[in-house]
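Here are the chains, one letter per residue:
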Amino acid sequence: MLADFNIAIPDLPELDDLNIASYFEDIKTRIHHRSKWNIDVDNIELGFFSFGKFMIYHDLDSDKWPTNEKPSDHSILQSLFYGGFKEAPPTATEDHNLDEDTDADKLFHVVDADSSQVLAMLAVHEGRNMVIQGPPGTGKSQTITNIIANAIGNGKKVLFVAEKMAALEVVKRRLDSIHLGEACLELHSHKANKKELHEELKRILELGRPTLTHLQQEVSLYSEYKDELNAYCNSVNTTVGRSGLTPNKIVGYLLQIAELTKDNKLPKINVTDIGQWDADKMHRAEAASDRIQAKLKDTGVPSELLFWGSELTVLFPHEQEAIIELI
């Protein structure tokens, strides 16, 4: 009405304060300059109307905002529509060790998070503007839950909005499951009213301060567990001696050998001083093995050759002529 006819229809007051006759009179005074308009108080028409998006449209009316605080003046909208985002990238990247090079241990993790989700949390914690995207099931709501919990843990307030109700509900269920739902005030329901809002605030205020004694005992062990896991991770990825191989690779090779030889056992070959070999010696041995295998493809298996057992290792031309004469 305001955009099309420059007429503002007054909001309906609460039912207890509603005087329908006065309300109609107010509207009559607002439309009196429209010659063909009138109010028929004896007729009524029913229909289904959704005002959710209309309220967003109403909130974006620049005339209702203070000077220099209009939506179009916001730095994010200015960057989005005009100058672009020129802020510095997050300090933590995929190249950093999360436990040693970042402040990830200071974040409030309330649900499981992989490294990419922790990097997103760190970026938000630093105040960066960002977009998190991915197909269903990749942990977006899980990341949002952690971000909200971390903000609550740092005494901050969060306004979480979504186009679809399902997106709000899934995050709220996650927060409820970890007992953080009490820190959330739901204002998205079309059934919400002032009375329920006051009752919810009263209930939360009466809960009192949570007890953390048993949780503090568990958290005190966190650092030890983290150090133990990091030590294991570093150990299995550190080369063994001078071999150039890590325990991870060695276990992988052993599993491959076990799969290839599950029907036939490999012969045991004693190699002198193999414990003193380094990566270069192993590389040379592998190269020699490759040459022997290539040669065997041409000559065949030695034990199956006609001259097996002669113990000759070198055959000179003059010896070859004598052998031919004998044959």
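The preceding data block contains the structure.
Now for a description of the structure that goes with this document.

So, how was this worked out
- Residues numbered from 1 in each chain as written.
- Predicted model: local features only at pLDDT ≥ 70, side-chain atom pairs only at ≥ 80, totals over all residues.
- Heavy atoms only, no water.
- Helix = DSSP H or I, 4+ residues; strand = E, 2+ residues; numbered from the N terminus.
- Rg over C-alpha atoms; globule rule 2.2 N^0.38 Å.
- Buried < 20%, exposed > 50% of the residue type's maximum accessible area, 1.4 Å probe, protein only.
- Patch = residues over 30% accessible without salt bridge, like charges linked within 9 Å, V, L, I, M, F, W, Y side chains within 5 Å.
- Areas by Shrake-Rupley, 256 points an atom, 1.4 Å probe, with all protein chains shown as cover.
- Salt bridge = Lys/Arg side-chain N within 4 Å of Asp/Glu carboxyl O.
- Axes fitted to C-alpha atoms, helices over the stretch in contact; angles between N-to-C directions.
- Parallel < 35°, antiparallel > 145°, perpendicular 65-115°, else oblique.
- Left-handed = near helix turned anticlockwise from the far one by under 90°.
- Contact = heavy atoms within 4.5 Å.
- Nonpolar A, V, L, I, M, F, W, Y, C, P; charged D, E, K, R; others polar.
- Core = buried A, V, L, I, M, F, W, Y, C linked by side-chain atoms within 4.5 Å.
- Phe/Tyr/Trp six-rings, centres within 6.5 Å; stacked < 30°, edge-to-face > 60°.

### Notes on the overall build of the protein chain
At step 1: Along the backbone of the protein chain there are 14 helices and zero strands.
At step 2: In sequence order, the secondary structure elements of the protein chain are arranged as α-α-α-α-α-α-α-α-α-α-α-α-α-α.
At step 3: Taken over C-alpha atoms, the radius of gyration comes to 38 Å for the protein chain, far larger than the 20 Å a tight globule of 327 residues would show.
At step 4: Here the C-alpha coordinates of the protein chain stretch approximately 135 × 55 × 40 Å along the principal axes.
At step 5: Looking at the protein chain as a whole, 13% of its 327 residues qualify as buried.

### Digging into a nonpolar patch on the surface
At step 1: Together, Ile-76, Leu-77, Leu-80, Phe-81, Tyr-82 and Phe-85 make up an exposed nonpolar region whose accessible area comes to about 660 Å².
At step 2: With respect to the secondary-structure elements, Ile-76 resides in helix 4 (residues 75-83).
At step 3: According to the relative accessible area criterion, Ile-76 is partly exposed, its value standing at 33%.

### Focus: the packing of helix 7 (residues 140-153) against helix 8 (residues 165-177)
At step 1: Viewed as axis vectors pointing N to C, helix 7 and helix 8 meet at an angle of 55 degrees, and their least axial separation amounts to 9 Å. With respect to each other, helix 7 and helix 8 are oriented oblique. At the point where helix 7 passes helix 8, the crossing takes the right-handed sense. Where helix 7 abuts helix 8, its residues Ser-141, Gln-142, Ile-144, Thr-145 and Ile-148 lie against Val-170, Val-171, Arg-174 and Leu-175.
At step 2: For the contact of helix 7 with helix 8, the per-class residue count stands at five nonpolar, three polar and one charged.

### Brief notes about the nonpolar core
At step 1: Listed in full, the nine residues of the largest apolar core are Ala-92, Leu-98, Ala-104, Leu-107, Val-118, Leu-119, Met-121, Leu-122 and Ile-147.
At step 2: Of the residues forming this core, the biggest block, four residues, is contributed by helix 6 (residues 115-125).
At step 3: Among the nonpolar cores identified, the runner-up in size contains six residues, and Ile-148, Ala-149, Val-171 and Leu-175 belong to it.

### Structural notes on the side chain of Asn-150
At step 1: Within the secondary structure, Asn-150 is located in helix 7.
At step 2: Contact partners of Asn-150, with chain neighbours within four places excluded, come to Leu-107, Phe-108, Met-121 and His-125.

### Digging into the packing of aromatic side chains
At step 1: The tally for this structure, following the rule as stated, stands at two aromatic pairs.
At step 2: Ring centres of Phe-5 and Trp-37 lie 5.1 Å apart, and the angle between their planes is 70 degrees; this geometry places the pair in the edge-to-face category. Placement of Phe-5 in helix 1 (residues 2-5) and of Trp-37 in the loop between helix 2 (20-30) and helix 3 (52-59) is noted, with a sequence separation of 32 residues between them.
At step 3: Residue Phe-5 is classed as partly exposed on the basis of its relative accessible area, which comes to 33%.
At step 4: Among the residues examined, Trp-37 registers a relative accessible area of 30% and is labelled partly exposed.
At step 5: Seen in terms of ring centroids, Tyr-23 and Phe-24 are 6.4 Å apart; in terms of plane orientation they differ by 50 degrees. Their pairing is tilted.
At step 6: The exposure class assigned to Tyr-23 is buried, which follows from its relative accessible area of 14%.

### Remarks on unusual backbone geometry
Among all residues save glycine, negative phi is the norm, and among peptide bonds the norm is trans.
At step 1: At Asn-6, a position not held by glycine, the phi torsion is positive, near 60 degrees.
At step 2: Taking the relative accessible area as the measure of exposure, Asn-6 reaches 63% and is therefore exposed.
At step 3: For Asn-68, which is not glycine, the phi torsion reads 70 degrees and is therefore positive.
At step 4: Its location among the elements puts Asn-68 in the loop between helix 3 and helix 4.
At step 5: A relative accessible area of 67% places Asn-68 in the exposed class.

### A short note on the pattern of salt bridges
At step 1: The full count for this structure, using the stated rule, is 10 salt bridges.
At step 2: Close ionic contact of Glu-25 with Lys-28 constitutes a salt bridge, the shortest N to O distance being 3.9 Å. Taken together, the residues span about one helical turn, with Glu-25 and Lys-28 both in helix 2 at a distance of three residues.
At step 3: Lys-172 is the partner of Glu-186 in a salt bridge, and the nearest nitrogen-oxygen pair spans 3.6 Å. Taken together, the residues span a long stretch of sequence, with Glu-186 in the loop between helix 8 and helix 9 (194-205) and Lys-172 in helix 8 at a distance of 14 residues.
At step 4: For Lys-172, a relative accessible area of 15% translates into the label buried.
At step 5: Ionic contacts of the salt-bridge type, sharing partners, join the residues Lys-172, Asp-176 and Glu-186 into one network.

By themselves, these figures tell us nothing about what the structure is for.
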